[in-house]
Structures are given as structure tokens and as C-alpha cells.
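# Architecture and fold: a report
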Amino acid sequence: MIRSILDNDLYKFTMQMAVLELFPDVVAEYRFTNRGTQRFTEDFVRELRRIIDEDISALALRENEYQWLKDRCPYFKPMYLEHLKNYRFDPSQVSVGLTADMDLDLKIKGLWHQAILWEIVLMAAVSELYFDMAENKWKDNDRVQPDGSVTSRYCSFIRDIGRELESKDCVFSEFGTRRRRSFELHDQLIDTLAQTGLRTFSGTSNVFLAMRYGVRPIGTMGHEWIMGNSALVGLRNANLFALENWADVYEGDLGIALSDTFGSEAFFSNFNLKLSKLYDGVRHDSGDPIRFADRVILHYRSMGIDPLGKTIVFSDSLHARDAVRIREHCNGRINCTFGIGTSLTNNSEFFRASPPLNMVIKLYSVNGIPVVKLSDDEGKETGDRDAIRVANYIFGRKGLDE
């Protein structure tokens with residue numbers, strides 16, 4: 001299910017390098033949250049444990065992968081690439097079991113720079129295993145459909161989506177590793193998008209598939225970077241500290257700032273003139289995208305910056321129709337691109353009878369200090385309940401006792 005140590009999202013490696021450089025002794029804990037209604041079994045847990053202990057723990061960076069990273073990702077420092085050569089997943093960092101109501105109880109704990117690579121590979125394994133063991137009737141279509149296998153029909157479906165996005169001049173990349181239905185489907189759809197020759201297909205967040213199909217690896221930072229900084233250097237101005245620390249490590253490379261970890265208003269209060277000029281743009285991951293676009297444009301204009309010199313990356317549970325609508329709103333006002341995830345790798349409209357898992361694995365604490373993600377969508381809040389209450393109060397979003 002996980003074919004390579006690089007079968008992971010680029011931003012996990014970029015954050016790993018930053019954590020290794022700035023916070024090498026910090027201990028982190030991550031926790032799994034199931035936002036959906038799907039449930040699991042003892043057999044599922046046993047097989048997931050085997051995958052962790054035997055398959056994932058055996059992964060190591062191959063020589064050709066090392067050379068490709070060195071050639072294609074110049075922002076990775078030589079010392080980090082040598083570290084990655086020697087990196088191995090430590091299965092003792094992962095605990096997995098079932099709750100009383102048969103939900104998955106999954107935790108990761110270890111040095112932050114070691115534990116950081118588990119999130120995406122575990123989510124991809126959980127998703128594929130679920131659709132292999134618990135909900136596998138969708139595979140029956142291979143035997144009953146005369147017009148080809150599920151994979152071939154799905155790739156045709158995705159090709160049509162890609163062509164629709166191209167017809168509307170929507171530049172997009174694929175962000176769907178974590179909730180993919182299977183590696184095979186993911187692999188074939190990237191091949192399909194690459195071979196179709198779409199001028200607006202800009203790449204994939206999956207490093208292994210970017211290498212395999214000669215497309216660009218896409219990614220910068222995730223919420224956990226800002227969450228971790230909030231506990232280590234201060235909550236109220238966590239965005240400021242996190243973005244300055246990122247710039248210290250990458251010196252202008254990978255310049256898309258994530259905006260919604262504690263709500264966009266907290267972000268903009270920290271996104272000063274220096275950072276607004278230094279960063280190439282911002283990423284939207286929760287809340288109303290149209291309002292957000294207007295807010296970003298207003299922010300840049302208030303700083304005396306031409307919004308047409310900046311970019312918004314939209315990545316919040318997008319379908320093609322969402323991208324088209326947002327593109328029309330931004331046209332001629334600010335540049336925009338789209339990171340499209342689950343609707344490419346596990347589209348709920350294609351697999352109507354078995355929708356994708358609605359799950360996350362989020363950073364829960366660093367050095368024993370609880371961290372939270374608030375976002376612009378209250379339904380996406382994660383973390384310790386008391387810590388969420390305090391953070392909402394500090395950022396002026398709610399009263400302390402609300």
C-alpha cells in the first residue's frame with residue numbers, strides 16, 4: 001500500500017527538514033480523528049499493525065530517489081538528504097487499537113523530526129485497507145462492467161475532470177494521497193493526467209509519483225508547523241514566529257503561507273509588510289473561498305502590494321466546479337491555483353455507494369504542551385477541548401466560557 005519512503009506528501013519532508021534544523025529535541029504526539037460514521041474491526045487493526053511493523057518500517061530511501069531529490073528539489077540541504085538516507089520509520093512510535101464504539105484509536109509519539117513522516121502514510125494505509133477489507137463491494141464492478149475495470153473507467157472520469165479544468169484555465173495540482181482509495185488508482189490517475197498533456201496540470205504533492213511520472217512535486221508547509229511553533233515560541237503571534245522561522249530555513253523558497261491555523265484574522269494580523277512581500281502568496285484551507293479571496297486582495301492593497309503579483313492556493317475539499325467558480329471570481333484581480341485532493345483520488349460522485357473516509361491525523365502536543373487547530377470552519381477544530389477554549393479566547397474568537 002505504501003510503495004516508497006517518498007510515497008508521501010512533499011510538505012512532510014520540507015517540514016521535517018525545518019524541524020530537524022530548529023527543533024531537533026522536541027517530542028510530538030499526533031492523534032487520529034474520524035469525522036465520519038465508518039467503523040473498524042479487530043481484523044482491520046491486526047492487519048494495519050502488520051503493515052506498520054513489516055511494510056512501512058522496511059522503507060528506505062533508494063539511491064535513485066536520493067539523486068532525484070538532489071536534482072529536482074534544490075531547497076533540500078545536503079545534510080538533510082543524508083539524514084533522510086538513514087531515516088527509518090520506527091513502529092514503536094505508533095499505537096493502534098479500537099475504542100469501545102469500534103472507532104480507530106491511533107496515536108503517534110516520538111521526536112518530532114522522526115514522527116512527522118507517519119501522518120500521510122498511515123492515513124493512506126488506513127484508507128486503502130478500509131476499502132480492501134471493510135467496504136470492498138466497489139471492486140465487484142471489475143467483474144460486471146463490460147467497458148473496462150474500475151481503474152480504467154475511473155481514470156477516464158478523472159481525465160474528463162482535468163479537461164474541464166483546463167478549458168476554464170484552472171491551474172491545478174493533485175493533493176489526495178491521504179484519503180486515496182488505493183495506491184493503484186492514485187498511480188494510474190497521475191499517469192493519466194501526465195499523459196493527457198494538460199497545460200494546467202502543475203504536479204502532485206506525492207513525491208514518489210512526481211518522480212515516477214516526471215511531474216513537479218508540490219508543497220510547502222502544513223498546519224502542524226504553525227501549531228508546533230505556537231507551543232514552542234508563543235501562541236498569540238504563532239503565525240509570525242512560524243513564518244519567520246520558515247523563511248530562516250528556506251530563505252525565500254517554498255513561499256506559500258498557510259493562513260487558517262488559528263483563523264484568518266489572526267493570520268492577517270501577523271502577516272506584516274515584510275512577510276507579505278517575502279512570501280509569494282497564501283494557501284486557503286477552510287472557510288468561504290470567495291470571502292477569503294476578497295480579504296487577501298484587500299490586505300495586499302492595504303500594504304501597497306499589487307495582488308496580481310501574488311497567488312492564492314485554494315485547497316479546501318475542492319471539486320472541479322468549485323475551482324471554476326473561484327477562478328472566475330479571482331480572474332484579473334489575483335492569481336490563483338488549486339490543490340485538489342480527495343475528489344481526484346477517491347471521488348464521492350464516482351464511488352457513490354462507498355464514500356471516502358472523513359478522517360485526519362493532527363498534531364496533538366509538543367513537549368507535552370497541547371496544541372490546537374482552529375481554522376475558519378468551526379467543524380475543523382482539533383485538539384484538547386480546554387486548549388481550544390483558551391486559544392479561541394486568546395485570538396478573540398469566543399469568550400473564555402463560551
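Residues numbered from 1 in each chain as written. Predicted model: local features only at pLDDT ≥ 70, side-chain atom pairs only at ≥ 80, totals over all residues. Heavy atoms only, no water.

Heads up, the rule is: UniProt positions are given in the numbering used here, feature names are shortened, and annotations may be inferred rather than shown by experiment.
Under an unreviewed UniProt entry, the name given to the protein chain is Nicotinate phosphoribosyltransferase, and the source organism is Methanolobus chelungpuianus. Quoted verbatim from the Pathway (unreviewed entry) field of the UniProt record, the comment on the protein chain reads "Cofactor biosynthesis; NAD(+) biosynthesis; nicotinate D-ribonucleotide from nicotinate: step 1/1." Recorded under Function (unreviewed entry), the UniProt text for the protein chain is reproduced unchanged: "Catalyzes the synthesis of beta-nicotinate D-ribonucleotide from nicotinate and 5-phospho-D-ribose 1-phosphate at the expense of ATP."

## As for a negative patch on the surface
Put simply, the rule reads: By definition, no residue in a patch forms a salt bridge, and every one has over 30% relative accessible area; like charges are joined within 9 Å, nonpolar side chains (Val, Leu, Ile, Met, Phe, Trp, Tyr) within 5 Å. Surface accessibility follows the Shrake-Rupley procedure with a 1.4 Å probe radius. Residue values consider only the protein chains on display as shielding. What counts as a salt bridge is simple: a side-chain nitrogen of Lys or Arg found within 4 Å of a carboxyl oxygen of Asp or Glu. We count Lys and Arg on the positive side and Asp and Glu on the negative side, and we leave His and both chain ends out. Lysine's charge is taken at NZ, arginine's at CZ, aspartate's at CG and glutamate's at CD. Only runs of H or I of at least four residues qualify as helices and only runs of E of at least two qualify as strands under DSSP, and these elements are numbered from the N terminus.
On the surface, a cluster of negative charge is made up of D248, E251, D253 and D280. Within the secondary structure, D248 sits in helix α12 (residues 238-250).

## Overview of the UniProt feature "modified residue: Phosphohistidine" (unreviewed entry) in the protein chain
Which entries qualify depends on this criterion: Only protein chains enter the accessibility calculation, which uses a 1.4 Å probe; a residue is then buried when its area is under 20% of its type maximum, exposed when over 50%, and partly exposed in between. Contact criterion: two residues are considered in contact whenever any of their non-hydrogen atoms come within 4.5 Å of each other.
Residues given the UniProt feature "modified residue: Phosphohistidine" (unreviewed entry) here are H223. Mapping H223 onto the fold places it in helix α11 (residues 223-233). Relative accessible area serves as the criterion here: at 5%, H223 is assigned to the buried category. Residue contacts for H223: discarding those within four places in its chain leaves L258, D260, T261, D285, K362 and K373.

## Observations concerning the sheet that holds strand β8 (residues 311-314)
For clarity, the cut-off: At least two DSSP bridges between two strands are needed for those strands to be called paired. Note on method: axes are straight lines fitted to C-alpha atoms, helices fitted across the in-contact stretch only, with angles between N-to-C directions ranging 0 to 180 degrees.
Strand order across the open sheet formed by 6 strands is β5-β4-β9-β8-β7-β6, with parallel pairing between neighbours. The open sheet has two edge strands with one neighbour each: β5 (201-204) and β6 (256-258). Pairs of neighbouring strands in the sheet enclose a mean axial angle of 25°, with direction left out of account. Judged from the 4 bridges that link them, β8 and strand β9 (residues 335-340) form a sheet pairing that is parallel. Directly across from I312, in β9, lies its bridge partner C336.

## A short note on the pairing of strand β2 (residues 94-98)
Direction of pairing for β2 relative to strand β3 (residues 104-111): antiparallel, over a ladder of 5 bridges. Note that in β3 the partner of S95 across the bridge is K107.

## As for the side chain of S205
Summarising the element assignment, S205 is placed in the loop between β5 and α10 (207-213). S205 sits in the buried class, given a relative accessible area of 4%. S205 has contacts with N8, D9, L10, E174, F175, G176, T177 and I218, leaving out every residue within four places of it along the chain.

## A short note on helix α1 (residues 10-22)
Rules: In this scheme, a helix's expected span is set at 1.5 Å multiplied by one less than its residue total.
For α1, which comprises 13 residues, the first-to-last C-alpha distance of 19 Å matches the rise-based estimate of 18 Å (1.5 Å per residue) to within 8%. Burial within α1 is extensive, with 10 of its 13 residues counted as buried.

## Points about the nonpolar core
Our working rule: Residues grouped as a nonpolar core are buried Ala, Val, Leu, Ile, Met, Phe, Trp, Tyr and Cys residues, joined through side-chain atoms within 4.5 Å.
Counting residues in each nonpolar core, the largest one holds 134 residues, and the members touching the most others are L69, F76, L104, W112, W225, F314 and F338. Apart from the residues lying within four places of it in its own chain, the contact partners of F314 are H284, P289, F292, A293, I326, C330, C336, T337, F338 and G339.

## Overview of the UniProt feature "domain: Nicotinate/nicotinamide phosphoribosyltransferase" (unreviewed entry) in the protein chain
In this numbering, the UniProt entry assigns the feature "domain: Nicotinate/nicotinamide phosphoribosyltransferase" (unreviewed entry) to residues 172-388. Helix makes up 42% of residues 172-388 and strand 16%, and the two end C-alpha atoms of the span are 33 Å apart.

## Quick word on the side chain of E65
Here is the rule we go by: Definition of a polar contact: a pair of N or O atoms within 3.5 Å, with one able to donate and the other able to accept a hydrogen when the atoms are protein atoms, and with sequence-neighbouring residues admitted only if both atoms are side-chain atoms.
Position of E65 relative to the elements: it lies in helix α3 (residues 63-72). Accessibility expressed as a relative area gives 0% for E65, which makes it buried. A polar atom in the side chain of E65 sits 2.8 Å from the side chain of R62.

## Quick word on the state of the cysteines
Such a bond, covalent and formed between the sulfur atoms of two cysteines, is termed a disulfide. Heads up, the condition is: We call a pair of cysteine sulfur atoms a disulfide whenever their separation is within 2.5 Å.
The final tally for this structure, using the stated rule, is 0 disulfides. Free of any disulfide, C170 has its nearest neighbouring cysteine sulfur in C336, separated by 6.8 Å. Here C330 stays unpaired: no disulfide links it, and the sulfur of C336, its closest cysteine neighbor, is 4.3 Å away.

## Here's the deal with the pattern of salt bridges
Counted under the stated rule, the structure contains 29 salt bridges. The salt bridge partner of R50 is E47, with a shortest N-O separation of 2.9 Å. One end of the pair is R50 and the other is E47, both in helix α2 (residues 42-55) and 3 residues apart, which spans about a single turn. A salt bridge links R389 to D401; the shortest N-O distance between them is 4.0 Å. With R389 in helix α18 (residues 385-394) and D401 in the segment after α18, this pair connects stretches of sequence that are 12 residues apart. One salt-bridge network, held together by shared partners, links D9, K12, E119, R178 and E224.

## Looking at the pairing of strand β7 (residues 281-284)
What counts is decided by this rule: Every crossover in which the path from the first strand over the helix to the second runs clockwise, viewed with the strands pointing away from the viewer, is termed right-handed.
Where β6 lies against β7, 3 bridges are found, and the strand directions are parallel. Across the sheet, residue L258 finds its bridge partner in β7, namely R283. In this sheet, β8 lies alongside β7 in parallel orientation, the contact comprising 4 bridges. For H284, the partnering residue across the bridge sits in β8 and is F314. This β-α-β element, β7 to helix α15 (residues 289-302) to β8, shows right-handed connectivity.

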